[in-house]
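This is what each chain is made of:
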Amino acid sequence: MTVEAVTLNWYRREDYARLLTIFEDAEKLPATFDEWLNKAEHGEEMLSKSGKRVIRVVIGPDEFTAWCATQKLKLDAHGRNQFSTFKARDIIRGRNN
């Protein structure tokens, strides 16, 4: 049996306000961490219930900004998703949590 894995961009409370100043598309995200967390946990629950393995990928402002610069990616949803995919490979291989 194969279990499909999906990444879920995850933010820390202490980074959220700063990330909103960094993201080029911040208006697409909830204004507060608590609003975001509620939506994220609900989404994670729905994905898990559908049989998918959910991999939380923490996006920290410094690492994300530096990584996007090296990859020549914008600091937007596309950049976040590319970063999460990149980091998930290490998580799956047991190199990072």
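Since this is a predicted model, take the numbers as computed values, not measurements. All residue numbers here refer to positions counted from 1 along the written sequence of the relevant chain. Given that this is a predicted model, residues contribute local features only at a pLDDT of at least 70 and side-chain atom pairs are listed and counted only at 80 or more, while totals for whole chains, interfaces and linings are drawn from all residues. Note that the side-chain values use all heavy atoms of the structure and ignore hydrogens as well as water.

### A closer look at helix 2 (residues 33–49)
Right, so step 1: Helix and strand assignments come from DSSP, with helices taken as H or I runs of at least 4 residues and strands as E runs of at least 2, each series counted from the N terminus. Under the convention used throughout, the expected extent of a helix is 1.5 Å for every residue step, that is, one less than its residue count. Here helix 2 spans 24 Å end to end across 17 residues, near enough to the 24 Å set by a 1.5 Å rise per residue.
Right, so step 2: Residues Phe33, Trp36, Leu37, Ala40 and Glu44 constitute the buried set of helix 2. Buried residues in helix 2, looked at end-on, bunch into an arc of 95 degrees, giving them a common side. Across helix 2 from its buried face, at more than 90 degrees, point the exposed residues Asn38, Lys39 and Lys49. The buried label goes to any residue with under 20% of its type's maximum accessible area, the exposed label to any with over 50%, and the partly exposed label to all in between, with areas taken from a 1.4 Å probe on protein chains only. Each C-beta atom gives one direction from the helix axis, and the arc is the one those directions make.

### A short note on unusual backbone geometry
Right, so step 1: One non-glycine residue, Lys72, adopts positive backbone phi at about 60 degrees.
Right, so step 2: Mapping Lys72 onto the fold places it in the loop between helix 3 (61–71) and helix 4 (77–92).
Right, so step 3: The class of Lys72 is exposed, set by a relative accessible area of 74%.

### Quick notes on the environment of Glu63
Right, so step 1: Within the element layout of this structure, Glu63 appears in helix 3.
Right, so step 2: Taking the relative accessible area as the measure of exposure, Glu63 reaches 38% and is therefore partly exposed.
Right, so step 3: The spatial distance from the C-alpha of Glu63 to the C-alpha of Gly43 is 25 Å, given a sequence separation of 20 residues.
Right, so step 4: Any pair of residues with heavy atoms lying within 4.5 Å of one another is described as a contacting pair. Not counting residues within four places of it along the chain, the set of residues in contact with Glu63 comprises Phe83 and Lys87.
Right, so step 5: Counted as a polar contact is a pair of N or O atoms within 3.5 Å, where, for protein atoms, one must be capable of donating a hydrogen and the other of accepting one, and residues adjacent in sequence contribute only when both atoms are in side chains. Looking at Glu63, its side chain comes within polar contact range of the side chain of Lys87, at 2.8 Å.

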